[in-house]
Number of protein chains: 2
Amino acid sequence: MEATIFAPIGAVVALLFAWYLAAKVLKADEGSDKMKKISLAVRRGANAYLKRQYTGVAIFFGVMFIVLLIMAFTGFLTIFVPFAFLTGGFFSGLSGFIGMKIATNANDRTANAAQHSLNSGLHVAFSAGAVMGFVVVGLGLVDISFWYYFLKFWYSDPAHLAAAAGQALEDAQVQAITTAMLTFGMGASSMALFARVGGGIFTKAADVGADLVGKVEAGIPEDDPRNPAVIADNVGDNVGDVAGMGADLYESYVGSIISTAALASAAGLGFSGVSIPMVMAAVGIIASIVGTFFVRTKEGATQKNLLTALRRGTWISALLIAIVSYPLIRFGLGADKTGLYFAILSGLLAGILIGISTEYFTSDTYRPTRDLAADSSGGPATVIIGGLALGMKSTVFPVVIVGVSVLASYFVSGGAADFNHGLYGIGLSAVGMLSTLGITLATDAYGPVADNAGGIAEMSELGEEVRERTDALDSLGNTTAATGKGFAIGSAALTALALIASYMDSVKVRDPSFQFDLGITNPIVLVGLFIGGVLPFLFSAFTMNAVGRAAQSIVNEVRRQFHEITGLMEGKAEPDYETCVDICTRSAQKEMVAPALVGIATPIIVGLILGVNGVVGMLAGATVTGFVMAVMMANAGGAWDNAKKYIESGKLGGKGSSAHKAAVVGDTVGDPFKDTSGPSLNILIKLTSMVSIVFAGLILSHSIF
Amino acid sequence: MEATIFAPIGAVVALLFAWYLAAKVLKADEGSDKMKKISLAVRRGANAYLKRQYTGVAIFFGVMFIVLLIMAFTGFLTIFVPFAFLTGGFFSGLSGFIGMKIATNANDRTANAAQHSLNSGLHVAFSAGAVMGFVVVGLGLVDISFWYYFLKFWYSDPAHLAAAAGQALEDAQVQAITTAMLTFGMGASSMALFARVGGGIFTKAADVGADLVGKVEAGIPEDDPRNPAVIADNVGDNVGDVAGMGADLYESYVGSIISTAALASAAGLGFSGVSIPMVMAAVGIIASIVGTFFVRTKEGATQKNLLTALRRGTWISALLIAIVSYPLIRFGLGADKTGLYFAILSGLLAGILIGISTEYFTSDTYRPTRDLAADSSGGPATVIIGGLALGMKSTVFPVVIVGVSVLASYFVSGGAADFNHGLYGIGLSAVGMLSTLGITLATDAYGPVADNAGGIAEMSELGEEVRERTDALDSLGNTTAATGKGFAIGSAALTALALIASYMDSVKVRDPSFQFDLGITNPIVLVGLFIGGVLPFLFSAFTMNAVGRAAQSIVNEVRRQFHEITGLMEGKAEPDYETCVDICTRSAQKEMVAPALVGIATPIIVGLILGVNGVVGMLAGATVTGFVMAVMMANAGGAWDNAKKYIESGKLGGKGSSAHKAAVVGDTVGDPFKDTSGPSLNILIKLTSMVSIVFAGLILSHSIF
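Reading the values: rules and limits
- Residues numbered from 1 in each chain as written.
- Chains lettered and ligands numbered in written order.
- Predicted model: local features only at pLDDT ≥ 70, side-chain atom pairs only at ≥ 80, totals over all residues.
- Heavy atoms only, no water.
- UniProt positions renumbered as here; feature names shortened; annotations may be inferred.
- Helix = DSSP H or I, 4+ residues; strand = E, 2+ residues; numbered from the N terminus.
- Buried < 20%, exposed > 50% of the residue type's maximum accessible area, 1.4 Å probe, protein only.
- Core = buried A, V, L, I, M, F, W, Y, C linked by side-chain atoms within 4.5 Å.
- Contact = heavy atoms within 4.5 Å.
- Axes fitted to C-alpha atoms, helices over the stretch in contact; angles between N-to-C directions.
- Parallel < 35°, antiparallel > 145°, perpendicular 65-115°, else oblique.
- Left-handed = near helix turned anticlockwise from the far one by under 90°.
- Nonpolar A, V, L, I, M, F, W, Y, C, P; charged D, E, K, R; others polar.
- Least-squares fit on C-alpha atoms with pLDDT ≥ 70 in both.
- Buried area = accessible area lost by both parts, 1.4 Å probe.
- Polar contact = N/O pair within 3.5 Å; in protein donor to acceptor, adjacent residues only side chain to side chain.
- Salt bridge = Lys/Arg side-chain N within 4 Å of Asp/Glu carboxyl O.
- Phe/Tyr/Trp six-rings, centres within 6.5 Å; stacked < 30°, edge-to-face > 60°.
- Arc of directions from axis to C-beta.
- Disulfide = S-S within 2.5 Å.
- Expected span 1.5 Å × (residues − 1).
- Bend = angle between axes of the 7 residues up to and from the residue.

1. A short note on the UniProt feature "site: Determinant of potassium dependence" (unreviewed entry) in chain A
Residue and element names in this part refer to chain A.
(1) Moving on: Under the UniProt annotation, "site: Determinant of potassium dependence" (unreviewed entry) lies at A481.
(2) Moving on: Among the secondary structure elements, A481 is positioned in helix α16 (residues 464–510).
(3) Moving on: A residue is classified by how much of its surface remains accessible, and A481, at 18% relative accessible area, is buried.

2. A few points about the nonpolar core
(1) Moving on: Ranked by internal contacts, the top residues of the largest apolar core, which has 509 residues, are F673 of chain A together with F673 of chain B.
(2) Moving on: Residues contacting F673 of chain B, with those up to four places away along its chain left out, are L388 of chain A together with L388, M544, M632, M633, A636, W640, G678 and P679 of chain B.

3. Some thoughts on the packing of helix α4 (residues 118–155) of chain A against helix α5 (residues 169–182) of chain A
Residues and elements named next belong to chain A.
(1) Moving on: Where α4 meets α5, the axes come as close as 10 Å, and the angle between the chain directions of the two elements is 140°. Comparing the axis directions of α4 and α5 gives the class oblique. Both α4 and α5 take part in a crossing whose hand is right-handed. For the pair α4 and α5, contact is made by I144, W147, Y148, L151, K152 and Y155 and by Q173, A176, I177, A180 and M181, respectively.
(2) Moving on: For the contact of α4 with α5, a count of residues per class yields nine nonpolar, one polar and one charged.

4. Quick word on the relation of the copies chain A and chain B
Relating one copy of the chain to the other requires a rotation about an axis plus a shift along that axis.
(1) Moving on: Mapping chain A onto chain B is achieved by rotating through 180° and translating by 0.1 Å along the same axis, at an RMSD of 0.1 Å. Here the symmetry operator amounts to a two-fold rotation axis. Considering only C-alpha atoms, the part of chain A nearest the rotation axis is G519 of chain A, at 2.2 Å.
(2) Moving on: Mapped onto chain B, 98% of the interface residues of chain A are again interface residues, and the two copies thus contact each other with one and the same surface.

5. Considering the interface of chain A and chain B
(1) Moving on: In this assembly, 60 residues from chain A lie in contact with 60 residues from chain B.
(2) Moving on: Both faces combined, the contact of chain A with chain B buries some 5,500 Å², and carbon together with sulfur accounts for 90% of it.
(3) Moving on: Connecting chain A to chain B are two residue pairs in polar contact (both at pLDDT 80 or more).
(4) Moving on: Counting residues per element, the ones that place at least two in the side of chain A that touches chain B are α12 (380–393), α13 (396–412), α14 (419–434), α16, α17 (523–564), α19 (593–648) and α20 (658–694) of chain A.
(5) Moving on: Of all the elements, α17 of chain A adds the most residues to the side of chain A that touches chain B, at 16 residues.
(6) Moving on: In terms of residue class, the side of chain A that touches chain B is made up of 48 nonpolar, 11 polar and one charged.

6. What to know about the pattern of salt bridges
Residues and elements named next belong to chain A.
(1) Moving on: Following the criterion strictly, the structure yields 52 salt bridges over all chains and no others.
(2) Moving on: As a salt-bridge pair, D675 and K485 come within 3.2 Å of each other at their nearest N and O atoms. One end of the pair, D675, is in helix α20; the other, K485, is in helix α16, with 190 residues separating them in the sequence. Of the two residues examined, D675 and K485, each falls in the buried class.

7. What to know about the packing of helix α2 (residues 33–73) of chain B against helix α6 (residues 184–218) of chain B
What describes two packed helices is the angle between their axes and the distance between those same axes.
Residues and elements named next belong to chain B.
(1) Moving on: Taken N-terminus to C-terminus, the directions of α2 and α6 make an angle of 145°; their axes are 11 Å apart at the nearest point. With respect to the hand of their crossing, α2 and α6 are arranged in right-handed fashion. Counted together, Y49, Q53, Y54, V57, F60, F61 and M64 of α2 and M186, G187, S190, M191, F194, A195, G198, G199 and F202 of α6 form the full contact between these two elements.
(2) Moving on: Split by residue class, the contact of α2 with α6 holds 11 nonpolar, five polar and no charged.

8. Some details on the packing of aromatic side chains
Residue and element names in this part refer to chain A.
(1) Moving on: One pass over the structure, following the stated rule, counts 56 aromatic pairs over all chains.
(2) Moving on: The interplanar angle of 80° and the centroid separation of 6.5 Å between the aromatic rings of Y148 and F271 together place this pair among those described as edge-to-face. Of this pair, Y148 sits in helix α4 while F271 sits in helix α8 (residues 270–292); the two residues are 123 residues apart in sequence, bridging distant segments of the chain. For the pair Y148 and F271, a shared accessibility class is recorded, and that class is buried.

9. A closer look at helix α11 (residues 367–375) of chain B
(1) Moving on: Looking only at α11 of chain B, the buried set comprises P368, T369, L372 and A373 of chain B. Mapping the buried residues of α11 of chain B onto a view down its axis gives an arc of 140°, with all of them on the same face.

10. Re unusual backbone geometry
Residues and elements named next belong to chain A.
(1) Moving on: One non-glycine residue, L652, lies in the positive phi region at around 50°.
(2) Moving on: Relative to the elements of secondary structure, L652 occurs in the loop between α19 and α20.
(3) Moving on: Judged by relative accessible area, which is 40%, L652 ranks as partly exposed.

11. Topic: the state of the cysteines
All names here are of chain B.
(1) Moving on: In the structure shown here, the tally under the stated rule is zero disulfides over all chains.
(2) Moving on: C584 provides the cysteine sulfur closest to C580, a residue in no disulfide bond, and the two sulfurs are 6.9 Å apart.
(3) Moving on: On the accessibility criterion, C580 (0% relative accessible area) is buried.
(4) Moving on: Overall, C584 belongs to the buried group, its relative accessible area being 1%.

12. Re α19 of chain A
Residue and element names in this part refer to chain A.
(1) Moving on: Under the 1.5 Å per step criterion, the end-to-end length of α19 is only 37 Å for 56 residues, more than 12% shorter than the ideal 82 Å.
(2) Moving on: Considering bend angle alone, the principal kink of α19 is centred on G611 and spans about 130°.
(3) Moving on: Of all 56 residues making up α19, 47 are buried, and the element is well covered by its neighbours.
(4) Moving on: The first or second residue beyond α19 is G650, which carries a positive phi of 110°.

13. Notes on the environment of A630 of chain B
Residue and element names in this part refer to chain B.
(1) Moving on: For A630, the location among the structural elements is in helix α19 (residues 593–648).
(2) Moving on: In this structure A630 comes out as buried when scored by relative accessible area, which is 1%.
(3) Moving on: Expressed as a C-alpha distance, the spacing of A630 and A551, which sit 79 residues apart in the sequence, is 22 Å.
(4) Moving on: Sequence-distant contacts of A630, that is, excluding residues within four places in its chain, are made with I489, G678 and L681.

Okay, here's the thing in structure tokens:
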């Protein structure tokens, strides 16, 4: 029996653990009728959104399925690709759906638990986040395991293989299996892009719209039930920060595993090489489950205690993985391959260091965010300039960290002697970085649950103390969310490199005689580099404009309701929450099309004109600019948010001061940065690679250059 | 006699024409005593700044000279490099100095002439701008011609040459000459960076500081003599937009010529190949002189007539060049090389197309800027998001234009058969784009003269009509300035590619056995690409922060004077203008160090660690991101400025409306974008290449990888 069996076992364990946590969350008390009513409204809104989004996305998947089917019948793809594409999208969507279901059911329960103690609140919110984390890794491994075993069975018959002359049977099998598996990543990436962009537009349109009219114009507090957009705002947290993020990290997770597995073939590591990333993922699941039991805090805990509690869980998981992966590599691949162990370590370490860098630039306990808060005294223009400069500066460390990690994992894996071994090492470092995903995603996804619990506490008038507890949980969530984005972005850079290599392999498989000319001074490559470099800018422009337009329609609607519904301000009449939810839903649906097309159409068009070399240039350019822009946007947005919170805590004149007004402008600009455009960029990078891989055959035979 | 003799002839003609124009400008009447007095104050401030800046820069050049001298004596460089470095810096600084001298003398004369008619005003301002244009191209060709003839004489003695075995004498000579010439570009780039960054910080600190306290807090009009920062603001236009831009384009101009000449060696084109870009430059000078005679308008001219007048001059020059360069290539290089003619055409055309794209995105006659103005109704946050999105979107066209131009000039020049021929063609297309520099720089540099004339008209109370005329000239200057920046950026991208190739050649010269491994999937190249990609972000962050800090000290000083000088507001006491000028000078001096170090130190550090392949990756990464960021910043800044002006013209509520207040925030954020960070990025790209070339020997022998 081979080690790969641990993958499905890990998947089942993860899903069972998620089931157990979900049952525990659902057993908790929902609180008063008022709380139940609000929670129900949020749940309904979220369901309405998801239903509509999934309907729209289903059409896209249907069309693409037919396109891929035609390509399969005309010999450009194997017949499994269209189906793999579907399952990738399906499981990604399912992860988001389950995560959101449990999150919307945990909101009121967290608020209710926070009435007892901070620790109880943390427990419910964190458990809900952990459900999401383990569903993502569990379903990811289910999908991977299914295709692995199915394809292995299929290709065990040599008649199904078109082995090249002189190629060993195992090599031919590995190549066929991993190439086919790779393409289900395109389904996951497409789904992730829709979920991130759509959810990001929804949540920020509602947030910005609710704040601009409610807080700024009408002067009512945040989460005030009189604000017609307040339910949409809460729904947004769930569809954007939960469902969107779930689909996003599902994609990152399976992407890193399958791209590394695909590199095993060229590296000549055979089935053992394929199984390593899969088994690593299973090890990560067990380590993450152990880690969750260390996340607890005592009553009267400060923010710092809370952060320590969350960190303890993650670090214990990372340590466990660091220990277990040594024998895994040593006995799985042999003593001469132990260098790969250090590639895994470098990935784990890089993930942690990127997190620290993110925290330094976005937390108000350090200088950058405090200086940014001080910039607010100069008015909105200075706080914008300061935030942009902060974001730009903050890109240096992550780039250096990833750079060192790439070189380290390449050379310890023997890249100097064998290029393909080095690439496999880079892929493994991405797997290492994401192996703790079960628990890091839990610490990340619990944030929006706490945020929503705060909203419910406010609307149900649970009292000052409860709100303070949920606020403590929520504001910590800002930091962990920023860290989570750092993970997603950092692993995306590493995975993207592995995918570029996989792309080249898949070209080689189709046309062994193809001669690459990837010199950076080849004008075709250079032009590809330029076009790739501009992609993230175009994509960000589209998504930022989309948020602006959607927010404007919410502003108009809220103004209309304030104006037309008599008695609303006095609390005598209820606002029409549904219309706001509906507007956000429709905007998100409509606006996610153009950015998604950028990701899918560009690699095909560039490929048809510039050919394979141009595509590689484009992928590299998009990876570089996309990575830098994503870090810039995430950190600038996080810092603006926390600078505002810092002032609201009473510093620099506090709430209502001119500094606060300026800081609110910064926060509003930061909203689409950190929650829409920025976190979609890592998906964009990988989606372009995936599309290139799937369309490699077409490009090879039909390009101009 | 060889054709190269046209280069020094062209240089002399350009300088004589500049002399003639300067005499004409100085003959014009300065106007009233009050006007003279104000103009004198601006002149003194500008001189004080330049004196201080040049002193500081002289220290830098002294230190670098010694470093280069040591490297020359230890065999890493030829002995000419340190001296070439000095002359490059010297002539660049001299261009800026002369341009600024004439601009500060033309301010009051333009205001005075505008009392007679719009055409008279245009005539004086444009002549002053043209002095700058022709001084830049004239001195550029003087520097190039001097070194060319000197080195040719020196290397005519075969004993001075270390020709490789089997290399023809001419090839060895061309190689030795062009390699040495290339390095004076580092002097020009260093000087340009200091001038652009220092001038950019000065001008925006004064501008922002004057506006924030004068216009926003005290409610006095722009250019009001009671504002203590008003003279500093006027000085800033001269040291930033005139002296800074002059040094910038001097660098672009000589950079494109010498890098193309350097490629002639590898392309095997011998001395003819070296002379073509030099003769092209001379042709451009004559064509530009002819063009200037077509820039005139009749009284009662609208803004559109003015723009047509300026365009007519540029287009006639371009047409002349297009005609003359055909026989130049045909008879200079032979019938089989006529493809190179189309490379020149593609450069000329790309320059014009980038200009049109810039105008579309930044002029208020088109939709993007009007939509941005409409965004102002939503408050400062929406106008910021809208402007950033506009800037990001506007990068697509220039990237596609440059991409097509690169491929076209590469392939028409025979790149498919001979890589080096193709590169030479790309270099020639940059020379083609910049060949009209004499006149395009004139249409660009006249803007700040008109801007200052407006200030003098305001302060000397010359009446509504005069101010309207200078305003018409000034606002047109915004569009031509944006176009000029598009030229500088577009040519920088093309030149940067030529410089990367030159870098590789200079490595080959030092170590013919060196094996490049520039495949984009080589991890060293990739990491270099990432580091290069992040450079423009770091650089922009530094310069934006610098403007913020400097502006803050001006704000404090203006507030202090308003507070402490009794009778100032009533016009009974004079403000202390000198202190504001002095603060700006010192801030600019201090703050330009860090960004300059980024440009100079990074390529050396990266080289010592990653080696030659990593440096090439870094240069490519910096070129891609730098280009895209520069376009983004220039266009976003220009659009914010013009959206504000559009509202001030009475649209969307006009001056004082809440939309106007929001638009002012956008404009203030745009100031460092378009006048400090953005326009410095093209210099940064080339400076890193130049530094890499000069330090190639050191890197080859001492790098880790």
